[in-house]
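Examining the three-dimensional arrangement
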Amino acid sequence: MKYKLVNVMEERVMRAINDTLPQLGCCTCDRCKADVAAYTLSRVTPNYILLQEGAVSPVADSDEKEDDTEILQIVVQAADIISANPNHA
C-alpha cells in the first residue's frame, strides 16, 4: 500500500484564500493566489498527516478556530503586500 504526506494547513490556507481574496478586492489570478499561499504557508506551523494513496484528506475540525483566525490574519497581510507588488504581467 502506498502512502503520501499531506500538509493539512495547505488545504486550510487555500480555502481561506479562495473565500477572502475576492472580498478584499485583491487580484484572484492563479499567480496572485499562489503568492499569497506561499507567503501564508511560510508563516504558519505545518501540520502533516499520512494518508493512504487515493484517500481524501480530512476537512479541518471546528476546534481549530484559533488556527483559522491566524491563517485569516496572515492571508489579509499577504493580500495587502501582494496587491501592492503583484508579480503578474
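Throughout what follows, the structure given in this document is the object of discussion. (Residues numbered from 1 in each chain as written. Predicted model: local features only at pLDDT ≥ 70, side-chain atom pairs only at ≥ 80, totals over all residues. Heavy atoms only, no water.)

Take helix α1 (residues 8-24) next. The end-to-end C-alpha distance of α1, which contains 17 residues, comes to 24 Å, matching closely the 24 Å that a straight helix rising 1.5 Å per residue would cover. Where α1 bends most, at asparagine 18, the angle is about 25°, and the proline proline 22 comes one to four residues later. Those residues of α1 lying buried are Val8, Met9, Arg12, Val13, Ala16, Ile17, Thr20 and Leu21. Sitting at the head of α1, asparagine 7 places a side-chain oxygen 3.1 Å from the backbone nitrogen of methionine 9. Following α1 by one or two positions, glycine 25 adopts a phi angle in the positive range, close to 75°. (Helix = DSSP H or I, 4+ residues; strand = E, 2+ residues; numbered from the N terminus. Expected span 1.5 Å × (residues − 1). Bend = angle between axes of the 7 residues up to and from the residue. Buried < 20%, exposed > 50% of the residue type's maximum accessible area, 1.4 Å probe, protein only. Polar contact = N/O pair within 3.5 Å; in protein donor to acceptor, adjacent residues only side chain to side chain.)

Let's shift gears to the pattern of salt bridges. This model, assessed by the stated rule, comprises two salt bridges. Here arginine 12 and aspartate 68 are joined by a salt bridge, their closest N and O atoms 2.6 Å apart. Placement of arginine 12 in helix α1 and of aspartate 68 in helix α3 (residues 65-84) is noted, with a sequence separation of 56 residues between them. The residue aspartate 35 makes a salt bridge to arginine 31 at a minimum N-O spacing of 3.2 Å. Residue aspartate 35 and its partner arginine 31 are both found in helix α2 (residues 30-41); the two are separated by four residues, about one turn of the helix. On the basis of relative accessible area, arginine 31 is assigned to the partly exposed category, the value being 42%. (Salt bridge = Lys/Arg side-chain N within 4 Å of Asp/Glu carboxyl O.)

Let us now look at the layout of surface pockets. Taken as a whole, the largest pocket encloses approximately 160 Å³ of empty space. In this structure, the largest pocket is lined by Arg12, Arg15, Ala16, Asp19, Thr20, Asp68, Ile71 and Leu72. Elements that contribute at least two residues to the lining of the largest pocket include exactly α1 and α3. With five residues, α1 is the largest single contributor of residues to the lining of the largest pocket. Split by residue class, the lining of the largest pocket holds three nonpolar, one polar and four charged. (1 Å grid on protein atoms, 1.4 Å probe; cavity = no way out; pocket = protein on both sides within 12 Å on 5 of 7 lines; lining within 4 Å. Points joined across faces, edges and corners; volume = space filled by probe spheres on them. Nonpolar A, V, L, I, M, F, W, Y, C, P; charged D, E, K, R; others polar.)

The next point concerns a nonpolar patch on the surface. A cluster of nonpolar residues, Met1, Tyr3, Leu5, Tyr48 and Leu50, forms a patch on the protein surface that exposes about 670 Å² of accessible area. Tracing the chain through its elements places leucine 5 in strand β1 (residues 3-7). Given the relative accessible area of 63%, leucine 5 is considered exposed. (Patch = residues over 30% accessible without salt bridge, like charges linked within 9 Å, V, L, I, M, F, W, Y side chains within 5 Å. Areas by Shrake-Rupley, 256 points an atom, 1.4 Å probe, with all protein chains shown as cover.)

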